[in-house]
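Working through the structure, step by step
Residues per chain, in single letters:
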Amino acid sequence: MVAHQSIYITTPIYYVNDAPHLGHAYTTVLADTFARYHRSRGRAVFFLTGTDEHGQKIEEVARAAATTPLAHADRVVERFRDTWKRLLIANDDFIRTTEPRHKAVVERFWQRLVDRGDIYLSSYEGWYCVACEDFSPESQVVDGMCPIHQRSLSRIEEPSYFFRMSRYERTLIEHIESHPAFIQPESRRNEVLAFVKGGLRDLSISRTSFSWGIPVPGDPAHVIYVWVDALVNYLSALGGTEGPNADTFWPHAVHLVGKDIVRFHCVYWPTLLMAAGVPLPKTVLAHGWWTVRGKKISKSMPATRVDPNLLAEDLSPDALRYFLLREVPLGLDGDFSYEALLSRTNSELGNDLGNLVNRTLTLAHRFLAGRVPSPGHPSELAAIAVAARDQAAAALEAYHPSRALDAIFELVRAANRYVDHTAPWTMAKDPDRAALLPTTLYELLETIGWLGRLLVPFMPAKGAAMLAQLGVDVLAESTLPAWPDRWGELPAGQSLGTPAPLFPKIDAAKSAELLNRWVAPELREDSSAPTGGAPSAAPPKADAAASLTFDEVQRLDLRTGRIEHAERIAGSTRLLRLEVDLGEGRRRQIVSGIAETYAPEQLLGRTVVVVANLAPANIRGTLSEGMLLAAGEAAVEALATVDGPVAPGTRVR
Ligand code: MSP
C-alpha cells in the first residue's frame, strides 16, 4: 500500500519535433492507468504530462520547416493534446516549457544553485548529439557519430556554465542504496548505481551557440541546457516548491520514464534537487521500449512508426490501452505486432469479456424482465472476485499492470465457467432449479459490476459502459467509479441497460482491411503479393512448418559465452543459475533447465552458444538474461558448443 495518501504521477514531457507515436502513448497510458487507479481508491492524485519545447533540436526542426520554434511548437502541441484526448487520458495539468509559469520557476531554481555556489563559468569542449540533446563522452564516439542515432555529432567549443554535480556523487549513492523504491525496476537501479560509482563529473548546463531556450539569469548570451529546463517542469507545474500544490504532492512523485532517459532522471535530476535543497521524488519508474521487428519505434525510423490515433479510432481506445498494458510486463521491451493486437482484442476482450457481459445481460432481459433480482447466498464467484480485486490492487501498487490484468481476467474466466456449468437458460424449465435462477443471475450481474469497476483504470470507456449496461448511473457517482468494496451492492430492482456488444468481433475480412490500413507498405510480409501487398488475414498462430525469412533469422543474436559460475536453484531439480561471460564487461545471469544432464562443476569454463537478445524473464524469482542452446527433444541431451577456441561474445551465425 502507498504510505502517503497523495500521489503525483508524471510522464516525461515530449519533444515537439515529432508527432506522438506508440512509444509516447505507452508511457502516457501507463501513467493514466495508475492515476485512475489511485483516484478510484479515493487518494489525492495529480497527474501531469506536457511538452518539452526548447533546445537545439526544436530550433533546427523549425528552421527546416521555415517557421519559428514557437509557431512549430504551437502546432505540434495540439497533436499531443488531441492524441491524449483520443486515448482517454485524464491528466490534471499539461505543461509547456514555453509557458511563463515554467520559465519563472526555472529562473528561481537556477538562482538557488548559484546561491549555493554550485554553478561556475568555464568552457566546454567536446561532442554533442542534437537528437539526444546530450553530451557524448569521447569514449562512446565512433567516427564522429552518435552510437544511438547514427547521426553525426556536433563538435562544441564554447563558454559554458557548469553544475558541480561531482559534489553530490556520495550523497546520491547513499540515497539510492537506502531508498530501494527510488529507482525501479531493480535492474535499472543497479545500472545507475554502477554508473554513479564510476564517478560523476560536473555537468555543462548552458549553451551559447543557439538561442532557443530560457536565458541564463544575468547572462543572456547563454541559454539554460534543455534537460535542466525540462526536468524542472515537475516542480513548475506545482507552482514551484512554494506553490499551492507543492505541499500536497511534493515529494510524493512517481516519474514514469522510458529506459532511454533514466540517467537524466536518476542522476541529473536528483543531484540538481539536492543542490537546490529540495527533497527527492519517491520513485523513478522506467519502462522498456516498444520495437517493431526489433527496431525501436522512433521518428528517425519511419518504418517503425505506429500511429496510436489510427488504432484507437479503428478498434477503440480501450482495446489499444488494454493491449499495451497487458502484452508486456512493465520494465521489459516488447515487439509490437498488429496481429497480436487484433488477436488479443478478439479473444480476451471479445470472446472472454464481451461475451460474458452480453450473455448475462441477454439472460437477465429474457428471464428477469431486465431488472436486477434480489441477491441470495453469495456463490463461489464472490470469493474469486475478492481475490482478483486484492491481487490486482497489490499488482498496481507495485506498478505491474499486466499482472493486475491477469488477475482480473481470472475472474472473467471463472464467471464464464459459472455460466457454462449453471446453464441458466435451462433453469427456468427445470422445476427443481427454477428458484435458483434469480440468484444465479444476480451473481453474474454483480461480477460484471465488479469487473467494470476493476477495469475502469485500464479501459475507462468500456469499464463505464459495463456499469451503464447494469443501469449504474456512472456520471452521477461523485467521482469516477470507485474500486469495488463489498459484494452485493447492486441494488435489487434496478433497471438494466440495453445489451450491446462491447468489442464487436473482427472477422477475417475486417482484419485484412484493418491491416491494410495500418501496416506501412514496406513492413508488409509479402509486398509482391497479387493483392497489392495486403497481409494475409490469417490469425497470428505460428505455423510450425512456416519457413523464416533471412531477416527473421538475422534477428536472433547468437553469441558464444563462457560459463564462469554455475549453481543449482534451490527447490528445483531441473534449473541451474549460470553466470556467463558474453564479452560485455559484465556477466549475464542465465537460468537454464539443464541440471538433470549437467552438474554445475562440469560446466565451469565451457564455451556455449547463447541467445543473447532473448527478452529477460523472471524464472522462479531469478532474472534470466538469455538462453543456452542445447540438443534434445523433451530432455536436454547435450549443450551446443563451438568447434574451436573463440572469444566470449563472438557472433554465431
Ligand atoms: N523531452 C525528453 C523528456 C524530458 S522529461 C523531463 C524526451 N522526450 S521524447 O519525446 O523523446 O519522449 C521520450 C519518452 O517517450 C521516452 O522516455 C519514453 O517514455 C517514450 N518513448 C519514446 N519512444 C519509445 C518507444 N519506442 N517505446 C516506449 N517508449 C518510448 O526524451
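Overview of the pattern of salt bridges
Overall, the coordinates contain 39 salt bridges when judged by the stated rule. Here Glu-397 and Arg-43 are joined by a salt bridge, their closest N and O atoms 3.1 Å apart. Residue Glu-397 is found in helix H14 (residues 380-397), and its partner Arg-43 is found in the loop between helix H1 (22-40) and strand S3 (44-52); the two are separated by 354 residues along the sequence. Residue class for Glu-397 comes out buried when judged on its relative accessible area of 13%. Members of the salt-bridge network, linked through shared partners, are Glu-567, Arg-577, Glu-579 and Arg-587.

Considering the sheet that holds strand S12 (residues 219-224)
With respect to topology, 3 strands assemble into an open sheet ordered S10-S12-S11, the strand pairing being antiparallel. Among the strands making up the open sheet, the edge pair consists of strand S10 (206-207) and strand S11 (215-216). As paired strands, S10 and S12 are joined by 2 bridges and run antiparallel to one another. When the sheet's bridge partners are listed, Arg-207 is paired in S12 with Val-223.

Notes on the site of the ligand
Taken together, 25 residues sit near the ligand, with Ile-13, Tyr-15, Thr-27, Asp-52 and Trp-290 positioned nearest. In this structure, Thr-27 approaches the ligand through a side-chain N or O atom, which is 2.7 Å from an oxygen atom. A distance of 3.3 Å separates an oxygen atom of the ligand from a polar atom in the side chain of His-287. Of all the secondary structure elements, the ones that give two or more residues to the shell around the ligand are strand S2 (14-15), H1, helix H7 (226-231), helix H8 (233-236) and strand S13 (253-258). Classifying every residue of the shell around the ligand by side-chain character gives 13 nonpolar, 9 polar and 3 charged.

Some thoughts on the packing of aromatic side chains
All told, the structure shown has 27 aromatic pairs when counted by the stated rule. Seen in terms of ring centroids, Tyr-26 and Trp-290 are 5.6 Å apart; in terms of plane orientation they differ by 90°. Their pairing is edge-to-face. Of this pair, Tyr-26 sits in helix H1 while Trp-290 sits in strand S15 (residues 290-292), placing them 264 residues apart in sequence. Between the aromatic rings of Tyr-120 and Phe-162, the centroid separation amounts to 5.7 Å while the plane-to-plane angle is 15°, which identifies the pairing as stacked. With a gap of 42 residues between them, Tyr-120 in strand S5 (residues 119-129) and Phe-162 in strand S7 (residues 154-163) connect regions that are remote in the sequence. Overall, the relative accessible area of 10% leaves Phe-162 in the buried class.

Here's the deal with the packing of helix H5 (residues 169-178) against helix H10 (residues 262-276)
The geometry of H5 relative to H10 is characterised by a closest axis approach of 10 Å and an angle of 110° between their N-to-C directions. Taken together, the axis directions place H5 and H10 in an arrangement best described as roughly perpendicular. Relative to H10, H5 is oriented so that their crossing is right-handed. In this structure, H5 uses Thr-171, Leu-172 and His-175 to contact H10, whose residues at the interface are Cys-266, Val-267, Pro-270, Thr-271 and Met-274. Taken together, the residues of the contact of H5 with H10 break down into 5 nonpolar, 3 polar and no charged.

Quick word on the side chain of Asp-32
Along the chain, Asp-32 falls in helix H1. Judged by relative accessible area, which is 0%, Asp-32 ranks as buried. A distance of 2.7 Å separates a polar atom in the side chain of Asp-32 from a polar atom in the side chain of Arg-321. Apart from residues no more than four positions distant in its own chain, Asp-32 is found in contact with Phe-47, Leu-88, Ile-89, Ala-90 and Arg-321.

Some words on the confidence of the model for the protein
Per-residue confidence for the protein averages 90 on the pLDDT scale, and 93% of its residues sit at or above 70. Low confidence marks residues 526-546, where pLDDT is under 50. Its contacts with residues over four positions away, or in another chain, come to 16 contacts.

Thresholds applied
- Residues numbered from 1 in each chain as written.
- Predicted model: local features only at pLDDT ≥ 70, side-chain atom pairs only at ≥ 80, totals over all residues.
- Heavy atoms only, no water.
- Salt bridge = Lys/Arg side-chain N within 4 Å of Asp/Glu carboxyl O.
- Helix = DSSP H or I, 4+ residues; strand = E, 2+ residues; numbered from the N terminus.
- Buried < 20%, exposed > 50% of the residue type's maximum accessible area, 1.4 Å probe, protein only.
- Pairing = 2+ DSSP bridges.
- Near = heavy atom within 4 Å.
- Polar contact = N/O pair within 3.5 Å; in protein donor to acceptor, adjacent residues only side chain to side chain.
- Nonpolar A, V, L, I, M, F, W, Y, C, P; charged D, E, K, R; others polar.
- Phe/Tyr/Trp six-rings, centres within 6.5 Å; stacked < 30°, edge-to-face > 60°.
- Axes fitted to C-alpha atoms, helices over the stretch in contact; angles between N-to-C directions.
- Parallel < 35°, antiparallel > 145°, perpendicular 65-115°, else oblique.
- Left-handed = near helix turned anticlockwise from the far one by under 90°.
- Contact = heavy atoms within 4.5 Å.
- pLDDT = per-residue confidence, 0-100.

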